[in-house]
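Notes for the structure review
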Amino acid sequence: MLIGGGCVAIKQIVMIAIFGLFCVLSGHAQFTNSSLNGTVLDPSGLPLVGAKITVQNIAIGFTQTATSEANGNYSFSNLPIGTYKLTATAEGFGPYVQSGIVLAVNQVATQSISLALGSVSQEVDVVATPPLVTTSSATVGELVNSEQVATLPLNGREVQSLLFIGAGTRNSTSNYCAYGCIGGVFPGEQYAKINGTASTSVTYLLDGADFNDLLLNTNLPFPNPDATQEFNTQTLSMTAEYGNAVGGVVSVVTKSGTNQIHGDLFEFLRNGAVNTKNYFAPTADTLKRNQFGGTIGGPILKNRLFFFGSYQGTRLSTAASGVVDFVPTGDERSGNFSDLLPQIQLVDPISGAPYLNNQVPVSSVAQKLLSEIPLPGGSGRQVTFAGSPQRINEDEYLGKADYQLHKSQISGHYLFSSFNKPKFSSPSNFLQDSGGQSLRIQNVSINYVYTASGNLLFNTWYGLNDESGNSLNGAPFGLDTAGVKIAEPSSPTINVTVGGAFGIGAGYFGNFVRRTHQVQENITRILGRHELHFGG
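Heads up: these notes are all about the structure in this document.

The rules behind these values
Residues numbered from 1 in each chain as written. Predicted model: local features only at pLDDT ≥ 70, side-chain atom pairs only at ≥ 80, totals over all residues. Heavy atoms only, no water. Helix = DSSP H or I, 4+ residues; strand = E, 2+ residues; numbered from the N terminus. Contact = heavy atoms within 4.5 Å. Areas by Shrake-Rupley, 256 points an atom, 1.4 Å probe, with all protein chains shown as cover. Pairing = 2+ DSSP bridges. Core = buried A, V, L, I, M, F, W, Y, C linked by side-chain atoms within 4.5 Å. Buried < 20%, exposed > 50% of the residue type's maximum accessible area, 1.4 Å probe, protein only. Phe/Tyr/Trp six-rings, centres within 6.5 Å; stacked < 30°, edge-to-face > 60°. Lys NZ or Arg CZ within 6 Å of the ring centre and 35° of its normal. Patch = residues over 30% accessible without salt bridge, like charges linked within 9 Å, V, L, I, M, F, W, Y side chains within 5 Å. Salt bridge = Lys/Arg side-chain N within 4 Å of Asp/Glu carboxyl O.

Looking now at the overall build of the chain. Counting secondary structure elements, the chain contains four helices and 33 strands. Here the analysis covers contacts within the chain between residues at least 6 apart in sequence; of these, 68% occur between residues at least 24 apart. For the chain, the exposed area adds up to about 25,000 Å²; of that, 59% sits on carbon and sulfur atoms.

By secondary structure assignment, the location of Ser417 is in strand 27 (residues 408-421). Excluding residues within four positions of it along the chain, Ser417 makes contact with Phe186, Asp395, Glu396, Leu439, Arg440 and Ile441.

If you walk across this open sheet you meet the five strands as 12-19-20-15-16, and the pairing is mixed. Each having just a single partner strand, strand 12 (140-144) and strand 16 (209-210) make up the two edges of the open sheet. Looking at chain direction, strand 19 (residues 228-236) and strand 20 (residues 248-254) are connected through six bridges and run antiparallel. Looking across to strand 20, one finds that Asn232 is bridged to Ser251.

A few words on the nonpolar core. Counting 28 residues, the largest nonpolar core has Leu162, Leu163, Tyr204, Phe222, Phe231 and Val250 as its most contacted members. Sorting the residues of this core by element identifies strand 14 (192-194), strand 15 (202-206), strand 20, strand 23 (305-318), strand 26 (390-405), strand 27 and strand 28 (436-453) as the ones contributing at least two each. The dominant element in this core, judged by the number of residues it contributes, is strand 15, at three residues. Apart from the residues within four sequence positions on either side, Leu162 is in contact with Val144, Val149, Leu152, Leu154 and Phe231. Listed in part, the 24 residues of the second largest apolar core include Val40, Val55, Phe76 and Leu79.

Let us now look at the packing of aromatic side chains. Counting across every chain of the model gives nine aromatic pairs. Relative to Tyr311, the ring of Phe292 lies with its centre 6.2 Å away and its plane at 55°, an arrangement referred to as tilted. In this pair, Phe292 sits in strand 22 (residues 288-301) while Tyr311 sits in strand 23, placing the two residues 19 residues apart along the sequence. Centroid distance Tyr397 to Phe416: 6.3 Å. Interplanar angle 45°. Geometry classified as tilted. Separated by 19 residues along the polypeptide, Tyr397 in strand 26 and Phe416 in strand 27 bring together distant segments of the chain. Counting every residue linked through ring pairs, the aromatic cluster contains Phe292, Tyr311, Tyr397 and Phe416. Of note, Arg157 hangs over the ring of Phe266, and the distance from its end group to the ring centre comes to 4.4 Å.

Now for a nonpolar patch on the surface. On the surface, a cluster of nonpolar side chains totalling about 460 Å² of accessible area is made up of Tyr403, Leu405, Ile410, Ile446, Tyr448 and Tyr450. Of all the secondary-structure elements, those providing two or more residues to the nonpolar patch are strand 26 and strand 28. Top contributing element to the nonpolar patch by residue count: strand 28, with three residues. For Ile410, the position within the fold is in strand 27.

Another point: the pattern of salt bridges. Side-chain pairs of opposite charge can arise where the charged atoms are in close proximity. Within this structure, the stated rule accounts for eight salt bridges. The shortest N-O distance in the salt bridge between Asp207 and Lys400 comes to 3.8 Å. One end of the pair, Asp207, is in the loop between strand 15 and strand 16; the other, Lys400, is in strand 26, with 193 residues separating them in the sequence. For Lys400, a relative accessible area of 7% gives the class buried. Among the charged side chains, a network of salt bridges with common partners joins Asp213, Glu467 and Arg514.

On the accessibility criterion, Asp207 (7% relative accessible area) is buried. On a C-alpha basis, the gap between Asp207 and Val444 in space is 9.6 Å, while along the polypeptide they are 237 residues apart.

Below, the discussion takes up the pairing of strand 7 (residues 82-90). As judged from the six bridges shared by strand 4 (residues 52-57) and strand 7, these two strands associate in the antiparallel manner. For Lys52, the partnering residue across the bridge sits in strand 7 and is Thr89. The loop that links strand 7 with its antiparallel partner strand 8 (residues 93-103) comprises two residues; one of these, Gly92, has a positive phi angle of about 90°.

Written out as structure tokens, the structure is:
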């Protein structure tokens, strides 16, 4: 269930009384966790009932136990992602131990167990673990693990772009104008097509909670690669838990602390001063970008309580580049367009009568605007000047905690991202002016899992997305100051385009708040070889 607040349209209001019910042969996705199931067999290949199966997450000490049913099947429906050790014991059979089982986000893995006759001291230890197969889910997708996230080249270290390494995906962001055209939109928000579906039909999740800009139905900027554990995309046959997902579901899981303290520091630098100029470029590269930060995670209480935190800062600047525009001459600014004759005869746009000798009356509004625009400095109407420089500051903070005790697991994070681009106002040239933005995002995700019994599980999620900020106009005055009888906001706004000649793009003014709350419940009931899921 999603509840919208502030000045944003509500994505979904009705869901509280709607429950999805579906039945599958075994476990399937739990948003941030994974599932493991299989069959326990005796030496003759027959199902073995009553065997005790235990899984243990090596990094955090999490353990869970199940007993094989009459048909030999066992199932673990909600396991934190990570590396596991699988142990099986039964009376009259030697213990079975398999290490190195890696479970990924949304994975539904199957692992059969064969027990051999023997005593407790006769242990079967499987060290080489083949890739786990999925036989109980028809979902098609792509998984990028933490090592791949860290090593794959990502422009701007934007994790969301990993979506486009999968089959059937296409980046269609360039077909839309979001950042710079719509208030409160971060640069990293993207439009994606999956298998030919619409660009707004992809749902994004962060640690199981909704992570979408509901105004555009695009993603919010994900945490940096060093804070990302796994990136999972589902593109076909998604299960009923995933609403608003005609095209696909992107699920990102952040890293968690473990029983060992771990962390890193990073600095990525791009500076044209240390690069050779491109042979075909008129000037050297003026872009300067620094991305720096670090992560740290570890235990607070061993095997019980863990923490993880990360920070990334981005500082970007570019020197003003040369711009060529075409502006009116001094005579034309006074209304004298006689140089266009005899080829072009100007006429009154209202009456259609020709202007005598192309002498056009000039309004006081036009005179005010033209007074802020430089005269031509080259041939004809050409003027060359330095455009507005760019200065962008971004900061991202992530804090996460995980706690497990007996039948309960709880995990939560707080993510804060800010983006600041100051406006630029030239004291003498309207054409240099540009707008700015000051934006921030706060995201909260809380996931609670309660295992009532071996065949009854409760999953509860709460999510909060809070987007706020403002757009800044770089114009020194507004149209009302120039003489236009129009109601202006408190901050002046001017945007004028003369096709094929010049434009005044000083941005616009606005304050923006978009806030959504999400509450979701998923109840899992295991009956023999089947799982029933109820939720809303």
